[in-house]
Structures are given as C-alpha cells and as structure tokens.
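Here is how the chains run, residue by residue.
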Amino acid sequence: MNDMTPTREQREAALEGMGCKRKRVEDIRFTQGKGNYVDDVKLPGMLHGDFVRSPHPHARVQKIDDSEALKVPGVLAVITAETLKTVNLAWMPTLAGDVQMVLADGKVLFQNQEVAFVVATDRYAADDGINKVIVEYEPLPPLVDPFKSMDKDAPVLREDLVGKMSGAHGPRKHDNHIFEWTVGDKELTDAAFNKAEVTIKEMISYHRTHPSPLETCQCVCSFDKIKGELTIYGTFQAPHVIRTVVALIAKLPEQKIHVIAPDIGGGFGNKVGAYPGYICAAVASIVTGKPVKWVEDRIENLTATSFARDYHMTTEIAATKDGKVTGLRVHVLADHGAFDACADPSKWPAGFFNIVTGSYDFPTAHLAVDGVYTNKAPGGVAYRCSFRVTEAAYCIERGMDILAQKLKMDPAELRLKNFIKPEQFPYHSALGWEYDSGDYHTAMRKMMETTGYAALRKEQEEKRAAFKRGETREIMGLGVSFFTEIVGAGPSKNCDILGIAMFDSCEIRMHPTGAGIARMGTKSQGQGHETTWAQIIATEIGIPADNIMVEEGNTDTAPYGLGTYGSRSTPVAGAAIAMAARKIKAKAQMIAAYKLEVHEDDLEFDIDGFRVKGLPEKFMSMKDICWAAYNSVPPGMEPGLEAVSYYDPPNMTYPFGAYLCVMDIDVDTGVYKVRRFYALDDCGTRINPMIIEGQVHGGLTEAFAIAMGQEIRYDDVGNVVTGSFMDFFMPTAVETPHWETDFTVTPSPHHPIGAKGVGESPNVGGVPAFSNAVNDAFSFLGSTHIQMPHDFWRNWKAAKELGAVA
Amino acid sequence: MQMNDSQHIPASREQVWAALNDPAVLKQCIPGCQSLDVTAPNEMTATVVFKVGPVKATFSGKVTLSDLDPPNSYRISGEGSGGVAGFAKGGAVVRLESESTDVTVLHYEVDAQIGGKLAQLGARLIDSTAKKLAGEFFASFATVVGGPATSSVEVGAREKGWLKRLTGAG
C-alpha cells in the first residue's frame, strides 16, 4: 500500500456513519430561511378559510345567520354543520374510538369550538366575514372541574351519547364518563397494603398543558374535479394515517388522495390527529373547485387543537420500614375535554400509563384510570413523550420522593435500594411490560459522582440551618429523577391505530454512481431525520452519508408508515432502515462475489466494500458494486439495487436516565434559580451524539417550561385564560438554564442497531427533576407535595402557607 | 370580576339620582357609548365600543334598572355580545349617601363576567381596565352633574401610561 491509500480510520470517517457528530444537513435550508412549510404553499386561485368559534364553553346553538357575512366582498361561502351533514361529515371519528363534531352540531362543548367555516378570496376577507356571522347561543352551565364530572347533578355534555352505557373501551358509569381502564392484581396489591409497615398516599396532579409548536396546525386542500383527486399539504406527523382517515371518512379512493407533509416547524404530538380545519378545507375545496388554505393563529392553536396531560393521580406506595417497596396503587382521573381525541394506540385508552412502576421492582401493583368529559378542548396527546409516559414518570418519581421523606431516607438511596437489578432483565413488571434492558445502578451512581451529590446534600443541610437561624431567605432543593421510558410503539401484537399495526418502513434505492435515496414512513418535525437516517445507511452499507438523500412526507412516494411521535422513529423506522440496508448489502455481496469470482461466503464486509477473506488486495467497494448492479449482475439476478423493509418490532425499547436539578428559591419573592441541571441519558446505541445533545436540550427546555409555569388554565366559568404567549409560559434563551448532558450506553438487545430513542426522554425525566427540586426545597418547612406548575407566585404562596413568609 | 369603590360627587343626592336615571347623561358618561335608547321603563338598549388589551369590539345589549329605591339605590345590570370578541354580563348595585347638602357619596359594587376572546387575551388586564373605565365614567359623571369630582381612589395616577410610570415623567 502506498501513502495515498486511506487508512481504516479515514475510510470510516469519510462515511460519517453511526457515532459521528455529523452536522444537520437540513439546517442548510432552515438557517437560511429556505425551508418549505405549509404556509409557503401558494397555489393558483387559492382561497382562504377560517373559523367562527364559540365564545361559550357550553351552549346550545340556536341560530347561525350568515346573510351579512356573505355580503362581505371576497366572502364566497360559509360552511356550517348543516352543510357538512349533506356529505355526512358533520362528525368525524377520533383516534380514541370516540366521535367529534367537525362544526358545532346543535351544541358547543368548549370555548373556541369550531362553529362555522368562512371561505374567502383572502385571509382578511375571511376575517371580516367571521365578524359578520351572527350566532345565537343559549348558554348552559359549564362543567370545568373533572372531579365534578360524575356528580349526580352534573350537566350532561354529550347528548349524542346519552343512554349509551358502553363506549369504545367498555362500560360507562355516567353520561360524562368515557372509560375505566384497570391493570394489575387488585387483591394481591390490597393485601400488600394491608400488611405494609409504611404507606404514603398523595393526589399528584399533572396539569393541562399544550405542545405549542411554533408553526401552528395548517393545511392546503386542493381537489381536482376532472381527475377526482384530492391533494392535501399539511403539518402532519403521520401523513399516511391522515390519508387513510380521509379515505375512510370522505369515502374517496385512497389512491386518489395525495398527502404531502412539507417541512414542519415542530410537532410535539400536536400534529398527530385530524382536526376540523382539515375536513373543512377539503370540503370547501370540493365545493368551490379551488385550493383552500387553512392556517391556525396562536390563540386557536393553544385553545382548540390537542392539549396534553390533565391527569390527576392518586398515588399510594406500600413499603417496609427500611425502604423496600412492596406495592403500588394508583387511581387516575383523566380529563379528556369535550371529546375523547387522545392519540393513543387503539387498545390503550390511557396510553402506556402502566409503565407507572417506573424503574423499581414492585412485587405487585394495581392501576385504575377513569376518563371523563368536561367543557374543555379535546386532545390528550403525547407532548414530547410516549403515550402518557410523562404522566407515569412524574407520578412514580414524586411518589418515591414522598416515600423517602416519610422514611427520612435520602431519595437517591431509596431509588438505589429499589431499582430493578441488571441481572433481572428482561424484566416483567407487575403491570405487564417486559423491560428489554437496563443498568440503572451504574447510571444513578455516575450521576451522583459527577454532580458531587453528597456534597450538595451537605450544603443543603447547612443552608437549611442558616435559614432557620434567619441568616438567609433562600432555600435550596435537590431534584432527583430516575426515569424509565417505554417507546417505539409498537409491536403489532398490541399496538395499532385504526386497525393498522404500528410498524414502520423504509425503501432504499441505490443509484449507479454509488449514491442513493431512502424514503421513509416517518416524518421529521425538526428531529434531523435527513441527517441520522443517512448515517445508519452509511454504516450499514458503506456509502457516505452525504451520498444518501432522505425523503419523507409524500404518501405517493414513501412506503406506508405510522409517522413520527412517541419516540418511535429510531426504534421502529431506524430498525426498518437497518433491515432494508442489510437487504441491499446481501445483494451487493452476491454481486461482489460474482465480480471477484469467489463464493459469497468467502467475502467479508469491510467498512465500505467487500474483501475476500485472507486476500486483502481483492476488494470491491460499494460504489463499484452499485455500478455493477446496473450492468453486470450475476446470471439470473435482476438488475438494480433497491430494497424495502417493513419492520414490526418484537418489543418496545426502554431508554432510561438519571437527572439532577439544583435549585435555589427566594421565599420572599418565590423567584427560583436553576443553579445546575445534569442529565444522564441512556438511549442505547448513539447514532449522532450532537443531535442527541440537541434533542436533550430541547426536551429539557420543554420540561422546564411545563414544570415551572406552562399551563392551559380555565377559569371557573370555562374561559381559557392562557390563550397567548403573554400568559402561556414559553421560555426563551433568557429564562432557559444551562444544561449538562452525559450518557451511558446499554444497547437494546432486540433492535438491529441497539438504538432506543431519545427525543422525549428529557421531557419525561425533566419534569419530575424540576418538581422534586421545588418540593425538596420546601420539604423541611413541613410540606409533602406542592402541585405544579411551580411559578414564582405559587412558590411564594407555598412559602406563605408554610409560614416562611409573614 | 368584582370591584367595590366609592366616589364623591359635588351635587345633592336628588341631583345625582336624577342624573343616574337620565339616559342622556348615562350615554354621555359611559366610555365608548355610541347609542343608548330607552325601550321600556327602566330598560334600555346600548351599543358600546369596548377595548381590553389587544381586543376591541362593539358590544350591543340590554341594560336594565331594578330594585329601585329613589333616591337611595338601584341595581343596574346588563348583558352584551361583542360577536367574535366574546360577551359580557354583570351588574352593579349603586347606593347614594349624602355627605352634606351638596356632596353625595356614590358607592358601587360591581360584579361582572366576561367570556370569549376578551377573557382569553385580557384576563390579566380586566381588573385594571374595569377600574379605568369606572374612573372615566365617574369623572365625566361628576363633571356633568356638578363640576369636577374627587375619588377615594386616585384615578389619575392609574391612568398614567406605562411609559410614564417607568420613566417617572408626566
């Protein structure tokens, strides 16, 4: 070999494969303002639609008068439920097995509910038209508090369901009841509590919040009357699911529906479901024969499209005196708003909330979830988390801290004592999951050593003494959080959406010059798929990542996939990529064997090509194999080099992490300072460490927002009072703390490349870390649990109630 | 929203009472009032332009006077709709007390409810806006009835713009 021959390291580096901090290729257009979002779609003759919305949370709609609106120059049509009834679209099915009004049909059930859709030549005319639509309402008593939903005298919200004492998930106990979901062994769990040495019980609320992507939900629908084809450009996290839903409810042939999701400015769960705007824009396009655009404004996004959380979790833990947990009992009251529009896999009315045993070895557990209707916006989506996993992690992580406080044990020690041990994996939890892998003790100890946990506790002790002596007005909290996520939905045996198994897919097509295109069933909303997917292929087949183009979001070209949410892309689609790449590699090996005139088994893969075992000079690069695939394949073999894989995962993946938040709170003002935040994540194999770090930063920032102030709040008469970024906390660089990130690597044993998913872990683990820090800070003053969000005012109020402030 | 306050008006109780029952005076004093028509004894319809923070809308609705105890007290209540901006309903109990022959103390207890966009965007501005409007109403009312008024709360100070408050100017 001469000096010009690249070394193995150089060849590997040239691929920019897995493990490489490859710069995000999509950022070239994003950072130059050259992204192509739905609102950039401008079609000839395009019309604009917008909604008349209800100011009332609960009212009967007596009359809609559109005569003045139709006189506004530019206004072409006003669509109401009556219009939609003629095409049988006044109601639509939800992903949770319920039905939802597209436009108010006789009644409105939440403030800002869609009442009529005004179509005009431009957005301004539509807005003027909206102001001229006169709607007469007869206000009805609003039901705001979910704890009152099932009261005897509670107003009945869903008149369409009166008398139906069974819903999509079994029996209903009340007209405002949606479902009851129970898991676990009740008898065994009750017995554990009866003989427990120590128990705790606390109602832990995870308040209603909203994913609030910066780009709101929007679409452009264009119906071609001649061809009978409907094209929908939209902010869809799951474009294929949208196509199937449209085919099913609009009764259009599925091949004549083209769904295109261009660049998306953040999703976080908000863009999984189908919204009235999509249906109305499609109907308006069919009626007018012109393309129709619908773009939400900020208030509409925050108050009418899918919210997240709103779980009220009565949590009980049984334990021995020396801190070994013996049982867990949780009852959840789930506020779903006016319609059950949760975006969960069909068989899981409360998502994967039964991961609530967390990282601990509970011998027995029992869980019951009651879903109820209230006069609030529908939703219940997984805001940067797998289905209801953040709620579960918050529940158990607060519960463990409360138990530690009662036992006068250090919360980190209590966790170490109860962790599932490395040798117990695969571990079967009391609530039915099989945890694939984990090494919790190592992660926890690394966190404690790196942060100097023992020294921080000592400092806290000194500060508390100083506070009691009146030398300081600042209190210090240490928020420990150790979470186990369950992501990668999911195996066809238990996961489907509308009956479609939750596999995902990849199609790779290699071109003659050693380049290729990968098409995916997923859809990036900022996760960097165009970068990371190419890295997996680069390592698998030895073609530089730069030579692989990744395409997502066009249902005509992409293989069917279930989309991107719930940290499922890497666990499911990432596996499909590896499997498709391996099919390419297998064919490439046959071509190489033919060209090198040896048997396939005599070849070994070596970074970027195949080498004859024992004869290092006999080598054929993948680039050359791609060329050969188009001109000299072995006799009998089809030319070309492409492959498709549909991957049905055998199990979920279980990322985990150990977080610590160090916080100081001024009791006189309630102002907090996050002094330090350390996040150790174990997401298995790390594909792009830079993207992982970015994902962790983003997830932690959202966790910080949620724990410390972000909330969708209703007043007692049903007004949403956090309808804009004035009142809904959206942290900027000013408020956001500094993040320290770290990792361990425990690959998933069943995933082709051992990856587990990471995008949502920091939100799952972050919220309890912040909340535990606040609660830990106040605990020595006598409090057990303070509800989120912990904004300045609530901190001050807590200090006052605990007697720390006069 | 609730608001209780009182106002000194330089006029006799009878004069104040008469003015409180005079639609022309009310129309002149209600901030943003564009029309006020008597439809029946003690019943009026009104159109008022109302602005809270970023939301500005024309409200039209009904105003009713009840529990009349001349010249001591009444209840004024109303309900109006501002279309997409939302709705408002509420009322006030107004009570008059003679401090001297030519000074009357007017006590009022307001109880109001708002809904729709007004509540969503203006929640944090409602109380201060309501106080500001009440201040404006009574300033005009006192002028119409009997010359400049003095309030038990410093209306003027609150009316300073935020910029002035920040800079201390004005």
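Computed from a predicted structure; not experimentally measured. (Residues numbered from 1 in each chain as written. Chains lettered and ligands numbered in written order. Predicted model: local features only at pLDDT ≥ 70, side-chain atom pairs only at ≥ 80, totals over all residues. Heavy atoms only, no water.)

*Asks:* Looking at this structure, I do not really get the overall build of chain A. What am I missing?
*Replies:* When its secondary structure is counted, chain A shows 18 helices and 35 strands. For 806 residues, the compact-globule formula gives about 28 Å, and the C-alpha radius of gyration of chain A, at 28 Å, lands near that figure. The principal-axis extents of the C-alpha atoms in chain A amount to approximately 85 × 75 × 50 Å. The buried share of chain A, reckoned over its 806 residues, is 63%. Within chain A, residue pairs in contact and separated by at least 24 positions form 80% of the contacts whose partners lie at least 6 positions apart. A total of about 28,800 Å² of accessible surface is found on chain A, and carbon and sulfur atoms cover 54% of it. (Helix = DSSP H or I, 4+ residues; strand = E, 2+ residues; numbered from the N terminus. Rg over C-alpha atoms; globule rule 2.2 N^0.38 Å. Buried < 20%, exposed > 50% of the residue type's maximum accessible area, 1.4 Å probe, protein only. Contact = heavy atoms within 4.5 Å. Areas by Shrake-Rupley, 256 points an atom, 1.4 Å probe, with all protein chains shown as cover.)

*Asks:* I'm lost on unusual backbone geometry in this one. Help?
*Replies:* Residues and elements named next belong to chain A. Following phenylalanine 425, the chain continues to proline 426 via a peptide bond in cis, the omega torsion being -5°. With respect to the secondary-structure elements, proline 426 resides in the loop between helix H10 (411-418) and strand S21 (427-428). The residue after alanine 489, namely glycine 490, is reached through a cis peptide bond having omega -25°. Take glycine 490: it is sitting in the loop between strand S23 (474-484) and strand S24 (496-497). Its identity as a non-glycine residue notwithstanding, isoleucine 607 has a phi of 60°, on the positive side. Looking at the secondary structure, you find isoleucine 607 in the loop between strand S29 (603-605) and strand S30 (609-612). Classification of isoleucine 607 by relative accessible area gives buried; the value is 9%.

*Asks:* Explain the interface of chain B and chain A here, please?
*Replies:* Between chain B and chain A, the contact holds 13 residues from the first and 15 residues from the second. Summing the contributions of chain B and of chain A, the shared interface buries around 1,200 Å²; its carbon and sulfur component is 57%. Of all residues in chain B, the largest losses of buried area upon contact with chain A belong to Val84, Gln120 and Arg124 of chain B, amounting jointly to 47% of the total for that side. Viewed at the interface, chain A and chain B are joined by zero salt bridges. The element that contributes the greatest number of residues to the side of chain B that touches chain A is helix H3 (residues 117-146) of chain B, accounting for six residues. Its residues placed into classes, the side of chain B that touches chain A shows six nonpolar, five polar and two charged. (Buried area = accessible area lost by both parts, 1.4 Å probe. Salt bridge = Lys/Arg side-chain N within 4 Å of Asp/Glu carboxyl O. Nonpolar A, V, L, I, M, F, W, Y, C, P; charged D, E, K, R; others polar.)

*Asks:* What's the story with H10 of chain A in this structure? I'm lost.
*Replies:* Along an α-helix, residues three or four positions apart point the same way, because every turn accommodates 3.6 residues. Residues and elements named next belong to chain A. Among the eight residues in H10, six count as buried, and that is most of the element. Those residues of H10 lying buried are Pro411, Ala412, Leu414, Arg415, Leu416 and Asn418. The inward-facing, buried residues of H10 abut strand S18 (325-335), helix H9 (389-407), helix H11 (440-451), helix H12 (453-468), S23 and helix H17 (761-779). With a side-chain oxygen lying 2.8 Å from the backbone nitrogen of alanine 412, the N-terminal cap of H10 falls on aspartate 410. (Polar contact = N/O pair within 3.5 Å; in protein donor to acceptor, adjacent residues only side chain to side chain.)

*Asks:* Looking at this model, I keep getting lost on the domain arrangement of chain A. Mind explaining?
*Replies:* It is common to give the size of an interface as the accessible area lost on bringing the parts into contact. Residue and element names in this part refer to chain A. In terms of domains, chain A is made up of domain 1 (8-35 + 504-647), domain 2 (38-140 + 216-264 + 271-304) and domain 3 (389-488 + 652-801). With 28 residues of domain 1 at the interface, the matching set in domain 3 holds 20 residues. Both sides of the domain 1 and domain 3 interface together cover about 1,700 Å² of buried area, and 66% of this is carbon and sulfur. Applying the counting rule to domain 1 against domain 3 returns nine residue pairs in polar contact (both at pLDDT 80 or more). For the side of domain 1 that touches domain 3, the elements supplying multiple residues, two or more each, are helix H13 (529-541) and helix H14 (569-596). At eight residues, H14 tops the list of elements feeding residues into the side of domain 1 that touches domain 3. Partitioning the side of domain 1 that touches domain 3 into residue classes produces ten nonpolar, eleven polar and seven charged. (Domains from an automatic or database assignment.)

*Asks:* Even after reading the chapter, I still don't get the side chain of histidine 174 of chain A, so can you show me in this structure?
*Replies:* Residue and element names in this part refer to chain A. Note that histidine 174 resides in the loop between strand S10 (170-171) and strand S11 (177-184). A distance of 2.9 Å separates a polar atom in the side chain of histidine 174 from the backbone oxygen of aspartate 151. Setting aside its immediate chain neighbours within four residues, histidine 174 contacts Ser149, Met150, Asp151, Ala154 and Met165.

*Asks:* Where do I start with the pattern of salt bridges in this structure?
*Replies:* When their charged atoms lie close together, side chains carrying opposite charge are able to pair. Residues and elements named next belong to chain A. Enumeration over the complete set of coordinates arrives at 58 salt bridges over all chains. Across the salt bridge formed by arginine 8 and aspartate 606, the nearest N and O atoms sit 2.7 Å from each other. Taken as a pair, arginine 8 in helix H1 (residues 8-15) and aspartate 606 in the loop between S29 and S30 lie far apart in primary sequence, 598 residues in all. Residue aspartate 606 is classed as buried on the basis of its relative accessible area, which comes to 9%. Of the charged contacts, one joins arginine 676 and glutamate 740 as a salt bridge, the two residues approaching to 2.7 Å between their closest N and O atoms. Residue arginine 676 is located in strand S34 (residues 672-682), and its partner glutamate 740 is located in strand S35 (residues 740-743); the two are separated by 64 residues in the primary sequence. Judged by its relative accessible area of 24%, arginine 676 is partly exposed.

*Asks:* Where do I start with the packing of aromatic side chains in this structure?
*Replies:* By convention here, two paired aromatic rings are described through the distance between centres and the angle between planes. Residue and element names in this part refer to chain A. Under the criterion given, the structure shown has 43 aromatic pairs over all chains. Ring geometry for tryptophan 181 versus tryptophan 348: centroids 6.0 Å apart, planes at 70°, classification edge-to-face. Note that tryptophan 181 is positioned in strand S11 and tryptophan 348 in the loop between S18 and strand S19 (365-372), a separation of 167 residues in sequence. The class of tryptophan 348 is buried, set by a relative accessible area of 12%. Feature note: the residues Phe483, Tyr659, Tyr672, Phe677, Phe704, Phe729, Trp739, Phe770 and Phe792 constitute an aromatic cluster, connected by ring pairs. Geometry around phenylalanine 307 places arginine 208 over its ring, the cationic atom sitting 3.5 Å from the centre. Positioned over the ring face of phenylalanine 193 is arginine 329, at 4.1 Å from the centre of the ring. (Phe/Tyr/Trp six-rings, centres within 6.5 Å; stacked < 30°, edge-to-face > 60°. Lys NZ or Arg CZ within 6 Å of the ring centre and 35° of its normal.)

*Asks:* Whenever I open this one, the packing of H10 of chain A against H11 of chain A confuses me. Can you help?
*Replies:* Between two packed helices, what matters for the description is the angle formed by their axes and the separation of those axes. Residues and elements named next belong to chain A. Orientation of H10 relative to H11, taken along the N-to-C sense of each, is 160°, at an axis distance of 10 Å. Considering their axes alone, H10 and H11 lie roughly antiparallel with respect to each other. Judged by the twist between their axes, the crossing of H10 over H11 is left-handed. Across the interface between the two elements, Ala412, Glu413, Arg415 and Leu416 of H10 pack against His441, Met444, Arg445 and Met448 of H11. Among the residues making up the contact of H10 with H11, the classes are represented as four nonpolar, one polar and three charged. (Axes fitted to C-alpha atoms, helices over the stretch in contact; angles between N-to-C directions. Parallel < 35°, antiparallel > 145°, perpendicular 65-115°, else oblique. Left-handed = near helix turned anticlockwise from the far one by under 90°.)

*Asks:* Could you clarify how one ought to interpret the side chain of histidine 529 of chain A in this entry?
*Replies:* Residues and elements named next belong to chain A. Assignment of secondary structure puts histidine 529 in helix H13. There is a polar contact of 3.5 Å between the side chain of histidine 529 and the backbone nitrogen of serine 524. Ignoring any residue separated from it by four or fewer positions in sequence, one finds histidine 529 in contact with Glu26, Thr522, Lys523, Ser524, Ala534, Val550, Glu552, Thr564 and Ser569.

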